[in-house]
Amino acid sequence: LRPIKFLKSGRNRNRNSSLYLGIAQQLVPGSNSICLVDNIQCIPTDPRKRVECMNWLFWQVGTAPFKVGGFGHFYKYCPIRIEYAINRFAMETKRILSVLDLHLDGKDYICGDEYSIADIAIYPWIRCIDTGYNGKKFLNLDEYKNVNRWVEHLSKREAVDRGMNFKYAKTIKD
């Protein structure tokens, strides 16, 4: 639990927010992350945008690990090929991508023009469909123009690059 104390300390408060949130997501999912992100200002302060951000954060918590992760497991890692499971989780993953694609139409970020914990939480799961599970072609990811634009936009952020390339074991000290 040392990373939590490290996060709450405020050290390098805004400079490495994606890096710190990557640690937080591994240890403290969902609502507990909100306490942490308040400290590093990755959640909107406007009440309406804050609610929207939390809705998308909890959307991620309730969909990505189970459905996108399920797709990845049965598509890439399962030792026996179970067509029903692959197709079922593929269908759910495509539904998730469709919801996200519709939402991102005309927006740079999940909450409009403001980068937030919602982007940070959702991005790795969507990126993993291609880079982790090699499911881009199978799921026809190119169909989701807004999702692809958003992924490309986020991948150009320096903090996102640092967060995605963070070497957990080598950085956290006892």
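Residues numbered from 1 in each chain as written. Predicted model: local features only at pLDDT ≥ 70, side-chain atom pairs only at ≥ 80, totals over all residues. Heavy atoms only, no water.

**Overview of the overall build of the protein**
Part 1 of the reasoning: When helices and strands are tallied, the protein shows 9 helices and 0 strands.
Part 2 of the reasoning: Of the regular secondary structure in the protein, the N- to C-terminal order runs α-α-α-α-α-α-α-α-α.
Part 3 of the reasoning: The contacts of the protein with a sequence gap of at least 6 include a subset with a gap of at least 24, amounting to 72%.
Part 4 of the reasoning: Surface accessibility of the protein: about 9800 Å² in total, with carbon and sulfur atoms responsible for 53%. (Helix = DSSP H or I, 4+ residues; strand = E, 2+ residues; numbered from the N terminus. Contact = heavy atoms within 4.5 Å. Areas by Shrake-Rupley, 256 points an atom, 1.4 Å probe, with all protein chains shown as cover.)

**Considering the side chain of Thr63**
Part 1 of the reasoning: On the secondary structure map, Thr63 appears in helix α4 (residues 47-77).
Part 2 of the reasoning: Leave out the neighbours within four places in its chain, and Thr63 touches Val68 and Ile96.

**Considering helix α6 (residues 117-131)**
Three- or four-residue spacings in an α-helix give side chains the same orientation, since the helix completes a turn every 3.6 residues.
Part 1 of the reasoning: Between its first and last C-alpha atoms α6 spans 21 Å; for 15 residues at 1.5 Å apiece the expected length is 21 Å, and the two agree.
Part 2 of the reasoning: If you look at α6, its biggest bend is around 30 degrees, right at Tyr123, and the proline Pro124 turns up within four residues after that.
Part 3 of the reasoning: Of the residues making up α6, those classed as buried are Ile117, Ala118, Asp119, Ile120, Ala121, Ile122, Tyr123, Ile126, Cys128 and Ile129. (Expected span 1.5 Å × (residues − 1). Bend = angle between axes of the 7 residues up to and from the residue. Buried < 20%, exposed > 50% of the residue type's maximum accessible area, 1.4 Å probe, protein only.)

**Considerations on the confidence of the model for the protein**
For residues with low pLDDT, the predicted coordinates do not support detailed interpretation.
Part 1 of the reasoning: Residue-level pLDDT values for the protein average 81, and 73% of them are 70 or greater.
Part 2 of the reasoning: For the protein, the element scoring lowest by mean pLDDT is helix α1 (residues 2-8), at 40; helix α5 (residues 83-104) scores highest, at 97.
Part 3 of the reasoning: Low pLDDT (under 50) marks residues 1-28, which in the prediction has 53 contacts with non-local residues, meaning those over four places away or in another chain. (pLDDT = per-residue confidence, 0-100.)

**What about the packing of aromatic side chains?**
Part 1 of the reasoning: Evaluation of the coordinates by the stated rule reveals 10 aromatic pairs.
Part 2 of the reasoning: The interplanar angle of 65 degrees and the centroid separation of 4.8 Å between the aromatic rings of Trp56 and Trp59 together place this pair among those described as edge-to-face. Separated by 3 residues within a single helix, Trp56 and Trp59 lie in helix α4, roughly one turn from each other.
Part 3 of the reasoning: Ring geometry for Phe66 against Phe89: centres 5.6 Å apart, planes inclined by 75 degrees, an arrangement best described as edge-to-face. Within this pair, whereas Phe66 is found in helix α4, its partner Phe89 is found in helix α5, the two being separated by 23 residues in sequence. (Phe/Tyr/Trp six-rings, centres within 6.5 Å; stacked < 30°, edge-to-face > 60°.)

**Observations concerning the environment of Glu52**
Part 1 of the reasoning: Tracing the sequence through the fold places Glu52 in helix α4.
Part 2 of the reasoning: For Glu52, the contacting residues outside a window of four places in its chain are His103, Lys107, Ile110 and Cys111.

**Quick word on a nonpolar patch on the surface**
Part 1 of the reasoning: Together, Ile80, Ile82 and Tyr84 line one region of the surface with nonpolar side chains, adding up to about 340 Å² of accessible area.
Part 2 of the reasoning: Of note, Ile82 is situated in the loop between α4 and α5. (Patch = residues over 30% accessible without salt bridge, like charges linked within 9 Å, V, L, I, M, F, W, Y side chains within 5 Å. Salt bridge = Lys/Arg side-chain N within 4 Å of Asp/Glu carboxyl O.)

**Structural notes on unusual backbone geometry**
Phi is mostly negative for residues that are not glycine, and the peptide bonds are mostly trans.
Part 1 of the reasoning: Of note, Asn134 is a non-glycine position whose phi angle comes to about 55 degrees, a positive value.
Part 2 of the reasoning: Mapping Asn134 onto the fold places it in the loop between α6 and α7 (145-155).
Part 3 of the reasoning: Looking at Asn134, the relative accessible area reads 48%, which means it is partly exposed.
Part 4 of the reasoning: You will see that Asn140, though not glycine, has its phi angle at about 55 degrees, which is positive.
Part 5 of the reasoning: Mapped onto the secondary structure, Asn140 falls in the loop between α6 and α7.
Part 6 of the reasoning: Under the relative-accessibility criterion, Asn140 is labelled partly exposed at 34%.

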